[in-house]
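If you want the building blocks of each chain, they are given just below.
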Amino acid sequence: MSAQYLQVAVPVPMRQLFTYKVPEELISEINVGERVIVPFANRQVIGIVLEIQSHCDVPENKLKTILSRINDNYHFDPLLLAFVRRCAEYYHHPIGDVFQQALPVLLRQVEQPDVAPTQLWHSATDITDDALSKLKKRASKQLALFQLIASHQGLSWPELRTLNYNKAQLKALADKALIIKKPAEIKTFAWQENALATDNKLNLSVEQAVIVAAVKQSLNQYACHLVEGVTGSGKTEVYLQAMEQVLASHQQVLVLVPEIGLTPQTLSRFEQRFKVPIYLHHSGLNDKERLDTWLSAQRGNAAIIIGTRSAIFTPLHKLGLIIVDEEHDSSFKQQDSFRYHGRDMAIMRARQLNIPIVLGSATPSLESLQNALSGKYHYHQLLKRAGNSSKAKIELVDMANQPTEFGLSSNIKKAMKQTLARGEQVLLFLNRRGYAPAINCKECHWIADCQRCDKPYTLHQGQQLLICHHCGSQKRIPLQCPSCGSPRIAPLGQGTEQLEHRISDMFADYSVVRIDRDSTRRKGELAKLLQEVTDNKHQLLIGTQMLAKGHHFPNVTLVLMLDIDGALFSYDFRAAENMAQLLVQVAGRAGRASKPGKVMVQSYFPEHPLLQDLVHNGYNHFARQALTERSQALLPPFTFQALFRAEANYPSYPEKFIRQLCQVQYQGCELAGPIPAAMEKKAGKFRYHLIVQAKSRKALHLGVQALLQQIMVNELQTKVRWSVDIDPTDLSW
Ligand code: ADP
Ligand code: ZN
Ligand code: ZN
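Residues numbered from 1 in each chain as written. Chains lettered and ligands numbered in written order. Predicted model: local features only at pLDDT ≥ 70, side-chain atom pairs only at ≥ 80, totals over all residues. Heavy atoms only, no water.

Asks: How should the overall build of the chain be read in this particular structure?
Replies: Each helix and strand in the chain was counted, giving 19 helices and 35 strands. The C-alpha radius of gyration of the chain comes to 28 Å, within 12% of the 27 Å expected for a compact globule of 733 residues. C-alpha atoms of the chain, sized along the principal axes, occupy 85 × 75 × 50 Å. Residue pairs at least 24 apart in sequence account for 76% of intrachain contacts in the chain once pairs closer than 6 positions are excluded. Surface summary for the chain: the accessible area is close to 32500 Å², and the carbon and sulfur share equals 50%. (Helix = DSSP H or I, 4+ residues; strand = E, 2+ residues; numbered from the N terminus. Rg over C-alpha atoms; globule rule 2.2 N^0.38 Å. Contact = heavy atoms within 4.5 Å. Areas by Shrake-Rupley, 256 points an atom, 1.4 Å probe, with all protein chains shown as cover.)

Asks: Looking at this structure, I do not really get the packing of helix 3 (residues 129–138) against helix 4 (residues 140–151). What am I missing?
Replies: Packed helices, taken two at a time, are described by their axes: the angle between them and the distance between them. Interhelical geometry of helix 3 versus helix 4 gives an angle of 130° and a closest axis separation of 6 Å. Relative to helix 4, helix 3 is oriented oblique. Between helix 3 and helix 4, the contacting residues are Leu132, Leu135, Lys136 and Arg138 on the first element and Ser140, Gln142, Leu143 and Phe146 on the second. Of the residues belonging to the contact of helix 3 with helix 4, the class tally is four nonpolar, two polar and two charged. (Axes fitted to C-alpha atoms, helices over the stretch in contact; angles between N-to-C directions. Parallel < 35°, antiparallel > 145°, perpendicular 65-115°, else oblique. Nonpolar A, V, L, I, M, F, W, Y, C, P; charged D, E, K, R; others polar.)

Asks: When you look at the site of ligand 1 in this model, what are you seeing that I'm missing?
Replies: The full set close to ligand 1 counts 15 residues, and Asn203, Gln208, Gly232, Thr236 and Arg269 are the nearest of them. Between ligand 1 and threonine 236, the relevant distance is 2.5 Å, taken from an oxygen atom to a side-chain nitrogen or oxygen of the residue. Arginine 269 is positioned with one of its side-chain polar atoms (N or O) 2.5 Å from an oxygen atom of ligand 1. Contact with the protein chains hides 68% of the accessible area of ligand 1, taken as 560 Å² for the molecule alone. (Near = heavy atom within 4 Å. Polar contact = N/O pair within 3.5 Å; in protein donor to acceptor, adjacent residues only side chain to side chain.)

Asks: It is not clear to me how the coordination of the zinc ion (ligand 2) should be interpreted in this structure. Could you clarify?
Replies: Around a metal, the ideal angle is 109.5 degrees if four donors adopt a tetrahedral arrangement and 90 or 180 degrees if six donors adopt an octahedral arrangement. Distances from the zinc ion (ligand 2) to its protein donors, Cys441 (SG), Cys444 (SG), Cys481 (SG) and Cys484 (SG), fall at 2.3 to 2.4 Å. One chain supplies every donor for the zinc ion (ligand 2), spaced along it as C-x2-C-x36-C-x2-C. Placement of cysteine 441 in strand 21 (residues 438–441) and of cysteine 481 in the loop between strand 26 (474–476) and strand 27 (489–492) is noted, with a sequence separation of 40 residues between them. A single burial state applies to cysteine 441 and to cysteine 481, both of which are buried. (Donors = N, O, S within 2.8 Å, 3.2 Å for Na, K, Ca; no water. Buried < 20%, exposed > 50% of the residue type's maximum accessible area, 1.4 Å probe, protein only.)

Asks: Please explain the environment of serine 249 as it appears in this structure.
Replies: Within the fold, serine 249 resides in the loop between helix 8 (235–248) and strand 11 (252–256). The sequence separation of serine 249 and alanine 400 amounts to 151 residues, and the corresponding C-alpha distance is 61 Å. A polar atom in the side chain of serine 249 sits 3.0 Å from the backbone oxygen of valine 246.

Set out below in structure tokens:
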């Protein structure tokens with residue numbers, strides 16, 4: 001038998017494949033896409049077979065042989081393999097790492113995982129009326145859980161948990177023999193007549209119907225639809241009805257949501273509409289649960305997968321439609337190692353599979369909007385809110401001309417009082433955690449800086465600690481100024497923790513709740529606090545960006561944006577776009593039909609043209625204006641960017657490294673660098689940027705390729721840590 005050689009993607013930070021020999025007994029056995037165990041630098045790692053060859057240029061004695069084959073059926077099919085390879089190429093990221101990230105954690109390990117089917121909950125068959133009536137009397141949450149399981153037989157624990165039920169409720173029902181669990185049947189999903197629940201299906205408005213018809217018309221071919229519609233305009237209903245026909249033809253649907261976008265309300269709408277197997281993939285799941293989702297897709301028993309960005313790599317063999325909800329959301333972009341954009345890869349996958357994709361948002365990204373305006377995407381707008389709810393009004397409050405108290409202007413305090421008196425809730429939005437963003441000495445103005453980042457420590461009063469929000473290092477609060485010895489050390493500026501204290505004092509008759517990363521660290525805490533808000537236990541909500549996404553607060557009728565000025569004068573050309581999106585998203589979360597909401601934005605620059613445009617003409621107008629500016633400034637989406645980041649313990653290394661790269665001409669590309677990063681020093685490392693910009697994607701791609709080759713021969717490449725980011729969205733690092 002003739003020899004065989006494998007080209008294997010190995011999980012190492014190198015942009016190349018590695019050649020291995022196939023042992024005699026496995027020749028002609030191994031297929032492309034399989035996982036194999038290979039030796040690599042004294043370790044055993046899992047690699048993916050990308051090519052099989054009968055000839056090899058590397059001398060025999062230099063070649064290693066694969067150790068074994070993982071014969072478990074969980075390999076990459078040719079289409080998914082091609083897709084993942086394309087992702088690695090597009091992002092110029094080490095191919096082995098891309099393949100690793102496309103696999104669930106448990107399939108990256110040499111040890112074999114437990115692949116027993118998921119346990120699903122069903123209602124028991126012999127239920128006594130007595131047991132049910134007891135539930136009705138005493139346990140309304142248990143009753144709701146029981147009814148959910150009874151109407152949608154076969155629900156998994158991750159689904160129930162996402163829907164805000166807990167283990168105790170589940171156990172109570174199981175103990176009463178009202179529900180039983182059975183392993184999920186491993187059979188290919190097939191649509192059944194009764195899988196569509198028509199009782200909650202809505203009659204589409206004309207606007208909605210046009211979109212659904214357009215998507216249906218484009219089934220089984222590539223088309224990208226951008227649906228722009230404010231929160232509450234009926235986008236979800238459009239998704240649901242567009243999915244019907246896909247599912248009915250036994251095809252699968254992938255729904256991508258932002259990191260914290262999957263609310264119980266959204267999931268329950270999918271559950272209520274379709275009695276089909278739905279699997280979830282998000283950061284709230286453990287490794288085993290994620291593997292379950294992956295396997296359910298791979299085995300073909302999942303009909304719908306709802307997940308965050310990495311769900312784009314699930315092996316769906318009969319994918320018929322992709323939906324990306326809140327497509328503008330920055331969490332679709334992974335911000336470390338393999339810096340891919342979930343939405344962009346979703347479009348690439350739809351193109352590869354020749355299927356339609358729907359992007360939805362109240363505030364489309366300028367990238368998507370430009371593609372829609374230029375005719376690359378089908379552009380749909382939902383201008384009216386469904387039903388008859390009205391949109392929240394945005395009002396600018398000039399901070400300069402009125403007294404303020406703890407960062408609140410007097411106008412705003414008045415509005416708060418009125419809202420609370422009506423029995424409605426107020427949301428205060430401040431995107432800064434902690435008690436104060438710095439502490440200083442009142443005598444000599446010394447500021448406590450983190451030595452590793454050269455940035456002020458944030459004061460966390462509750463924990464009695466100074467914490468660096470950039471590197472996480474902690475320090476005790478000094479009793480005396482280390483510079484002049486004065487004991488007059490005081491907080492500088494205001495964070496959510498301090499605001500909570502101030503507001504509690506100012507409005508002592510009302511309950512205040514703070515929802516940020518610090519107050520929701522414990523598992524289940526966020527869901528608990530959100531429930532308390534819904535139950536009106538708190539009247540004043542203080543939150544960071546976390547609160548702007550996903551959640552709907554019908555009784556919040558006043559939203560206060562306390563500190564947005566930074567975005568107006570940022571080094572980041574996307575800051576204004578992001579601020580506008582945030583404002584509109586927050587406005588959309590507040591109020592409902594009978595109680596319209598109001599958003600008040602405090603600013604020292606209320607005359608700023610961006611703010612004026614947004615407030616008076618709305619996001620769509622603002623966005624077109626912003627596109628004109630981007631076009632004139634030759635910025636994305638009219639040009640294409642890549643960002644090389646370099647860091648080292650000494651500033652001279654990354655600086656010189658980038659300067660040397662810039663000495664070469666790269667055709668069609670403009671280079672800017674070395675530029676110190678906005679956070680020039682972080683965790684003891686000095687950081688520099690090189691921005692590559694090109695008029696075409698092709699030129700950018702070639703330029704990056706040439707730069708990578710330059711790096712390979714650069715004397716400093718081992719002394720600096722560097723990475724490349726294609727289509728960067730975060731320029732702060
Ligand atoms: P979005 O996803 O844009 O926020 P939804 O699809 O959730 O909007 O719709 C918002 C609200 O309007 C929901 O309560 C939904 O039931 C209702 N709704 C949506 N479409 C219609 C319709 N065609 N007729 C009546 N109500 C609708
Ligand atoms: Zn001092
Ligand atoms: Zn630090």
